[in-house]
Amino acid sequence: MGNQKLYKGSLQTIILQLLASNEKMYGYEITQKVKELTKGELNITEGALYPALHKLEADGLLDVEVANVGNRLRKYYKLTENGSKETANKVSEMQEFLRTMQHLVNPKFSLE
Amino acid sequence: MELTKEQIEIVEHYLQNRKVEYLDLKVEILDHMILDIEQFMNKNHSFENALKMTTIKWEQHFKQRSSFYFGMFYAESKIVVDKAVKEFRPFYFLYLAAYLLPMFFLKNSAISFQEQEVNLINNLLLSATFLALIYMIYIIIKTQLSKQKSTYRFILKTQYIAVVFLIIPLLLGSFLDHKGQLSSIFMSFLSAGFMVTFICHHFYKKHQAVIEKYKRV
């Protein structure tokens, strides 16, 4: 829980990757999914989630869909065509970053 | 546990009091808050307690703030201003470039026209400015009359003042000086005026798209 700052720079990649595997998701669902996948290690607050979603939307990587869910409206986010391409780029950048970090923090072992 | 219609109205009323009236944000914040409250209630908290805990969590995002990009007179909830800045930032730099580049370019290399061309060029520029002004007035009236608010409408509101870039050259009536040279100041005004018209057109279309999207549901 103490390493939330380390995850901060990866939030957009996390969101894009989740949307790549889930077609469309709403804000609360994203926070819960991340919590579930990381077994509570990563807790995305609304103060971090919405600025990241709005930035991705402003950059044209996400599109919005509105649906009626019984007694209220719900806003879903989904990847645009550019968003799908950018997800692949960002995930590959992230893998490269992880490999570099692995070499730096644990030089004796290599993934290759 | 699902909230009742009356309990949802209480949450909506709370958001209304915090001036979260922008359609594109209100829908997702309301939905998220309701789910937060339901989660607390599932852990055996009363609705009142769950609402209180949820509002404490959200309160910081509803504090009033302004931004350098829009000026201190345009204050709104933090979450609204933050989203507006993300949308507007690239256009702010386009706007600055549109104002500064003609001034810089014409100061360094003057563009002159022959006597018989001066009136034609001036009239063409005046007509284009007049058309841009009419379109800006149309956007202002249409968005002001629109009952629904969106973050894009907030951005538009902050840009209305820039119609002075179109009005001033129109009032003075000449883009060229007595030597037939394009005036660097008026061309900068004109370029900034056209850029603002383009920016307002862009955000007006986005505002309309948001209204349309939510109306369809």
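Residues numbered from 1 in each chain as written. Chains lettered and ligands numbered in written order. Predicted model: local features only at pLDDT ≥ 70, side-chain atom pairs only at ≥ 80, totals over all residues. Heavy atoms only, no water.

Novice: Please set out the overall build of chain B residue by residue, giving values where relevant.
Specialist: Per the secondary structure count, chain B includes eight helices and two strands. Walking chain B from its N terminus toward its C terminus, one meets helices and strands in the order α-α-α-β-β-α-α-α-α-α. Relative to the globule expectation of 17 Å for 217 residues, the C-alpha radius of gyration of chain B, 24 Å, shows a markedly less compact shape. Each principal axis of the C-alpha atoms in chain B carries an extent, and together these give about 85 × 30 × 20 Å. When each of the 217 residues of chain B is scored for burial, the buried share is 47%. Taking all contacts inside chain B whose residues are at least 6 apart in sequence as the whole, residues at least 24 apart take part in 68%. If you sum the accessible surface of chain B, you get close to 11,800 Å²; carbon and sulfur atoms cover 62% of it. For chain B, the separation between the mean place of its 25 positive charges and that of its 19 negative charges on side chains is 3 Å. (Helix = DSSP H or I, 4+ residues; strand = E, 2+ residues; numbered from the N terminus. Rg over C-alpha atoms; globule rule 2.2 N^0.38 Å. Buried < 20%, exposed > 50% of the residue type's maximum accessible area, 1.4 Å probe, protein only. Contact = heavy atoms within 4.5 Å. Areas by Shrake-Rupley, 256 points an atom, 1.4 Å probe, with all protein chains shown as cover. Lys, Arg positive; Asp, Glu negative; His and termini not counted. Charge placed at Lys NZ, Arg CZ, Asp CG, Glu CD.)

Novice: Go over the confidence of the model for chain B, please, and point to the residues and values.
Specialist: Predicted coordinates in areas of low pLDDT are best not read in detail. Across chain B, the average pLDDT comes to 92, with 100% of residues at 70 or higher. The secondary structure element of chain B with the lowest average pLDDT is helix α7 (residues 164-172) of chain B, at 90, and the one with the highest is helix α2 (residues 23-42) of chain B, at 96. (pLDDT = per-residue confidence, 0-100.)

Novice: Before we move on, can you summarise the packing of helix α6 (residues 151-159) of chain B against helix α8 (residues 184-216) of chain B with the specific residues and values?
Specialist: All names here are of chain B. Two numbers describe how α6 lies on α8: the axes approach to 8 Å, and their chain directions differ by 155°. Accordingly, the angle class assigned to the pair α6 and α8 is roughly antiparallel. In this structure, α6 crosses over α8, and the sense of that crossing is left-handed. Each of Tyr152, Arg153, Ile155, Leu156 and Gln159 in α6 lies in contact with α8, whose residues at this interface are Val196, Cys200, Phe203, Tyr204, Lys206, His207 and Val210. (Axes fitted to C-alpha atoms, helices over the stretch in contact; angles between N-to-C directions. Parallel < 35°, antiparallel > 145°, perpendicular 65-115°, else oblique. Left-handed = near helix turned anticlockwise from the far one by under 90°.)

Novice: Please set out the sheet that holds strand β1 (residues 24-26) of chain A residue by residue, giving values where relevant.
Specialist: Strand pairing within a sheet occurs via backbone hydrogen bonds; the two strands may be parallel or antiparallel. Residue and element names in this part refer to chain A. The three strands lie next to each other as β1-β3-β2, forming an open sheet whose pairing is antiparallel. Only two strands of the sheet have a single partner each, and these edge strands are β1 and β2 (62-68). Geometrically, the sheet is characterised by an average inter-axis angle of 35° between neighbouring strands, direction not taken into account. Sheet analysis places β2 next to strand β3 (residues 73-79), joined by seven bridges and oriented antiparallel. (Pairing = 2+ DSSP bridges.)

Novice: I'd like a description of the pattern of salt bridges, backed by residues and values.
Specialist: Residues and elements named next belong to chain A. Tallied over the entire structure, the rule returns 18 salt bridges over all chains. In this structure, the salt-bridge partner of lysine 24 is glutamate 65, at a minimum N-O distance of 2.9 Å. Taken together, the positions of lysine 24 in strand β1 and glutamate 65 in strand β2 put the pair 41 residues apart, joining distant regions of the chain. Of the residues examined, glutamate 65 reaches a relative accessible area of 25% and is grouped as partly exposed. In this structure, lysine 78 and glutamate 65 form a salt bridge, with 2.8 Å as the shortest nitrogen-oxygen distance. Note that lysine 78 is positioned in strand β3 and glutamate 65 in strand β2, a separation of 13 residues in sequence. The class of lysine 78 is partly exposed, set by a relative accessible area of 27%. Each of Lys24, Glu65 and Lys78 takes part in one network of salt bridges that share partners. (Salt bridge = Lys/Arg side-chain N within 4 Å of Asp/Glu carboxyl O.)

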